Each structure stands twice: as C-alpha cells, then as structure tokens.
Amino acid sequence: MISVEEALERILAEIAPLPTTQVPLAEVLGLVLAEDVVAREDMPPFANSAMDGFALLSQDSRPKDGQPPRLRITGEVAAGYVADSAVQEGTAMRIMTGAPVPPGADAVIQVELTRSEVPGSAWVEIMEPVAQGNNIRPAGEDIQCGQTILLRGSEIGPWEIGVLATLGWATVPVVRRPHVAILGTGDEVIDVDEPLRPGKIRNSNSYLLEAAVRRAGAEPHRLGVARDTIESLREKFTQAVQHDLIITSGGVSVGDFDLVKNIMEEQGQINFWRINMRPGKPVAFGRIGGVPLLGLPGNPVSAAVTFELFGRPVIRKMLGHTRLVHPQIDVVVEDGVSERVQRRHYVRAHVEWRDGRFVARTTGNQGSNITTSLLNANAFLIVPEGGTTIQPGKMAKAMMLDWPEV
Ligand code: AMP
Ligand code: MG
C-alpha cells in the first residue's frame, strides 16, 4: 500500500499535456493557451470619443470677453462612421461615444457642458474650457500592435475571451481537451431508467463521474457497464482504449470478480493498486493499450473522493494546467472526528467562514456507501494516518473542493 502523496506523484509522472490544436473562440472557455498572444493591431484601432458631445479645437473652448464661445456645427459623426470633413477653427462637430475623432479636432466636450438654443441648432455654446485630448481615447491606449497580451500556459476565462475577440482571434491555439472513457463494472449494476430488481442497484458512479469529468474540463464518454466476466471487460476495453484516459469504477478490490486488475495485467501494466486511505483503498493505476487507466473503487463515495484526489489532477495536467490540486487550509472542526481509522481518512465536511475563521462541520455517517455524506460537502478534512481523532473545536487541514487549484 502506498501513500496518497506517492500515488499522486506516480500517476502524474505518467501523464503529459495533450497536443495543441486550434479551437473556435466560442469553445475555449477553461482551456489553456498553447502560444503567447501577440497583438497584430492597436486597440482601439483609431482615436475615438469617450463621450457623446462635440469635437472641437481645445483653444476654441476658452471664454471670449467673459462670454462662452459659440461654435458653428458643421456635421455629425456616429459610432461606426468616419467624418467627411475636418473640424476647423470656430466650428465643432457632433460626435457619439466610440466614433472616430475627426481630423482637426483635439478635444471632445461632453454634451452636458454645452448649450444649444433649440434641438438641431446650427450653433453650440461651450460652457467650460477643455484641455487638449479631453475625452479622446487615443489609438493603442489599451493594446499596442506587437505587444504580448496573454502568455502561453494561462487558463482562458471569460475576460481572456473578450480580449481574444478584441484582437480578432477567431480560433485559438490551445491544449486539446481530453476524451475520457467512463466504465462501470458489476453484474449488480443496472441503468438509471431500469426498475430495481432483487440484488440490483443503479449505476450512480458512471453518472457522478461523467459530471465530475466534465467539471474538470474534459469530454466524458460513458461506455455503460461491463459484466463481471473477463469477456465483457475485454469488449468494453476495446472501445475504452480509443480515448485519452480510462476511468473505471468497481472491480479493483480482492474479490473473485474484481477483474479490472486482471485485464490490466493481460493487456497493459499495473503501476499500483492500493492506497493507504479511506475511503478508497482499492485504486488501481496503470495502462491498457498505452492509454492511462485509473481504476476507482466501486463504492460511490470512494469513487467520488478518489476522483477528486487523483482523477481531476490527471485531467488538469492533460489540459496543460500547472495548478493541479485542491488547496488546503486550516479549519476549526466544530463537531470533531471521533472515529479511529488507521489509514489516512478523508472526511466529508462543509466549511464556512464564520466570525473571522474557517469552521468545518462533518456531513454525518462517513461510510463509503453513504452517498448522502457527499451532499453539502465542499471540503475533505484530512485526518492523518494512525488512528488519529479530532476533538470538537480542534484544528485540522481541509482540502477545499470549490476553490481554484494551487
Ligand atoms: P466492487 O469494488 O466492484 O466490489 O464494488 C464495491 C461496491 O460498490 C459494491 O457494493 C458495488 O455494488 C458498488 N458499486 C460498484 N459499481 C457501482 C456503480 N457503478 N454504481 C453504484 N455502486 C456501485
Ligand atoms: Mg464489482
């Protein structure tokens, strides 16, 4: 049996980021940039107005003999159009936010600081002097042509997508999204739309893992459930090996029908198959037909916990991320953990910020078959090996499941 840390290290040593590909901009959320993004244009591309108002020569805005200057309006320029003449001394041009500043003008005065006798008047009075450059957003103020804006290796979020759109990157070079085969095992496991029959239970793992895989950023493919026969497993694995990663649940323990290990021996290699943790001791890792295989335990809670600890970091590494694991923080365990467990114990808990500190409450019965212990859990308390308990009100480390990875 190896430690959680050694298991993760051995798994990640076998995983590399997937190749780079071009993906349409609308589909790159959460992916990792495979190249630096260098601007090929200035942004904004032309000097434009920051306000609705009048483009003018700043020198014309100064009061004359104590009176507000009157300027003749020679035209109008709306956003999306270009003025057909220049602004000359003694004149002004109506301008809208985002419209290019007409030649000749060196300032824009907002409409609120002007006065017109009637709407559509040919004259405007300038009520306040404005400085050169007032309300003008110069070309290249945001981004200059040739500037490196985003670095390779960074994760693409909504704001990065906005900048990429600004720069005209209709497709983006990214690390490819992994395709993950999800395989259930067990003669007792039936699909969710089937009525329960004696001895049968519904396949919760495949659906749980499908969602968790998608949330980790990969493309899940549920391949159904293999029967507890070597033939059924072989058949399912011929499909599974067409993916970047295979995740199975069940069939990796020491029972007579735990055949996933046999298939790994037959068609690939087992790297390890037991980890010193609870829930989730029987976790197998290896390869089949060259494809990494993570064999998770059958008990739903064990499958969920071991996916967070091992499956999610694998997917993130394949996606090109460098921050792979959930962060750990110190919390006060309000209700304590009284159960003595020799293995490292991952206790489902809800952590919240209260009165200036993080406080955890466990989610009840921690049996590995108690699926409801996952509900409302946003953290795993990490109880060290060797039968440690945590008295109510004492501190422990909590792995935060809904915080960004570190
Ligand atoms: P195993 O590791 O195959 O011995 O399975 C351990 C426990 O998990 C057994 O009680 C199984 O019935 C249960 N189990 C296995 N696969 C699933 C599944 N896909 N959904 C729900 N429970 C499962
Ligand atoms: Mg089984």
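The following paragraphs examine the structure supplied in this document.

Quick notes on the rules
Position numbers for residues count from 1 along each chain, tracking the sequence in the order it is written. Chain letters start at A and ligand numbers start at 1, both assigned in the order the entries are written. Where totals are concerned, whole chains, interfaces and linings use all residues; where local detail is concerned, this predicted model gives features only for residues with pLDDT of at least 70, and gives and counts side-chain atom pairs only at 80 or more. With hydrogens and water excluded, all non-hydrogen atoms of the structure serve as input to the side-chain values. The rule for pairing is simple: two strands pair if DSSP sees at least two bridges between them. Helix and strand assignments come from DSSP, with helices taken as H or I runs of at least 4 residues and strands as E runs of at least 2, each series counted from the N terminus. In this scheme Phe, Tyr and Trp rings, the latter by its six-membered ring, pair at centre separations within 6.5 Å, and the angle between planes marks the pair as stacked below 30 degrees, edge-to-face above 60, and tilted otherwise. In this scheme, a residue with accessible area under 20% of its type's maximum is buried, one over 50% is exposed, and one in between is partly exposed, where area comes from a 1.4 Å probe on protein chains only. Counting as a charge over the ring demands two things of the Lys NZ or Arg CZ atom: a distance within 6 Å of the ring centre and an angle within 35 degrees of the ring normal. Note on terminology: a nonpolar core comprises buried Ala, Val, Leu, Ile, Met, Phe, Trp, Tyr and Cys residues joined through side-chain atoms within 4.5 Å. Contacts were defined at the residue level, with two residues in contact if any of their heavy atoms lie within 4.5 Å. In this analysis an axis means a line fitted to C-alpha atoms, helices contributing only their contacting stretch, and an angle means the value between N-to-C directions, from 0 to 180 degrees. Whether a residue is near a molecule or strand depends on its heavy atoms: if one lies within 4 Å, it is near. Two N or O atoms form a polar contact when they lie within 3.5 Å of each other; inside protein one atom must be a possible hydrogen donor and the other a possible acceptor, and for residues adjacent in sequence the pair counts only when both atoms belong to side chains. Accessible areas in this description were obtained via Shrake-Rupley with a 1.4 Å probe; residue shielding takes into account the shown protein chains only.

Things to note about the sheet that holds strand β9 (residues 123–126)
No. 1: The 6 strands are arranged β7-β4-β6-β5-β9-β8 in an open sheet whose pairing can be described as mixed. Strands with a single pairing partner mark the edges of an open sheet, and in this sheet they are β7 (107–110) and β8 (114–115).
No. 2: In terms of strand pairing, strand β4 (residues 53–56) meets strand β6 (residues 91–95) through 3 bridges, oriented antiparallel. Each residue of the ladder has a partner; that of Ala55, found in β6, is Met93.

Some points on the packing of aromatic side chains
No. 1: If you walk through the whole model with that rule in mind, you get 4 aromatic pairs.
No. 2: Seen in terms of ring centroids, Phe272 and Phe285 are 6.1 Å apart; in terms of plane orientation they differ by 35°. Their pairing is tilted. Of this pair, Phe272 sits in strand β18 (residues 268–272) while Phe285 sits in strand β20 (residues 284–288), and the two are 13 residues apart along the sequence. The pair Phe272 / Phe285 is uniform in exposure class, with both members buried.
No. 3: When the ring centre of Trp273 is taken as origin, the NZ or CZ atom of Lys261, which lies over that ring, is 4.1 Å away.

Some points on the nonpolar core
No. 1: Within the largest apolar cluster, 58 residues are counted, with the highest numbers of intra-cluster contacts made by Val28, Val172, Ile247, Phe307, Leu309, Phe310 and Ile315.
No. 2: When residues of this core are assigned to their parent elements, the largest contribution, 8 residues, is made by helix α6 (residues 300–318).
No. 3: In this structure Phe310 touches Val4, Ala7, Leu8, Ile11, Ile275, Met277 and Leu294, once residues within four positions along its chain are discounted.
No. 4: Counting 17 residues, the second largest nonpolar core, distinct from the first, contains Leu223, Ile246, Ala284 and Val291.

Some details on the sheet that holds strand β16 (residues 219–226)
Sheets are built from strands paired through backbone hydrogen bonds, the pairs being either parallel or antiparallel.
No. 1: Here we have 6 strands laid out as an open sheet, ordered β16-β13-β17-β21-β20-β18, and mixed in their pairing. Every interior strand has two partners, whereas the edge strands, β16 and β18, have only one. This sheet shows a mean twist of 20° between the axes of neighbouring strands, independent of strand direction.
No. 2: Bridge count between strand β13 (residues 179–185) and β16: 6 bridges; the pairing is parallel. By the bridge assignment, Ile182 is partnered in β16 with Arg222.
No. 3: The sheet strands contacting helix α1 (residues 4–13) are β18, β20 and β21 (291–296), and the helix crosses β18 at an angle near 150°.
No. 4: This element, helix α4 (residues 230–240), spans β13, β16, β17 (245–249), β20 and β21 of the sheet and lies at about 165° to β16.

Quick notes on the site of ligand 1
No. 1: Not every one of the 15 residues close to ligand 1 is listed here, only the nearest: Glu188, Asn203, Gly251, Gly298 and Asn299.
No. 2: Residue Glu188 places a side-chain N or O atom 2.5 Å away from an oxygen atom belonging to ligand 1.
No. 3: In the environment of ligand 1, an oxygen atom lies 2.9 Å from a nitrogen or oxygen atom belonging to the backbone of Gly251.
No. 4: Taking 480 Å² as the accessible area of ligand 1 by itself, protein coverage stands at 76%.

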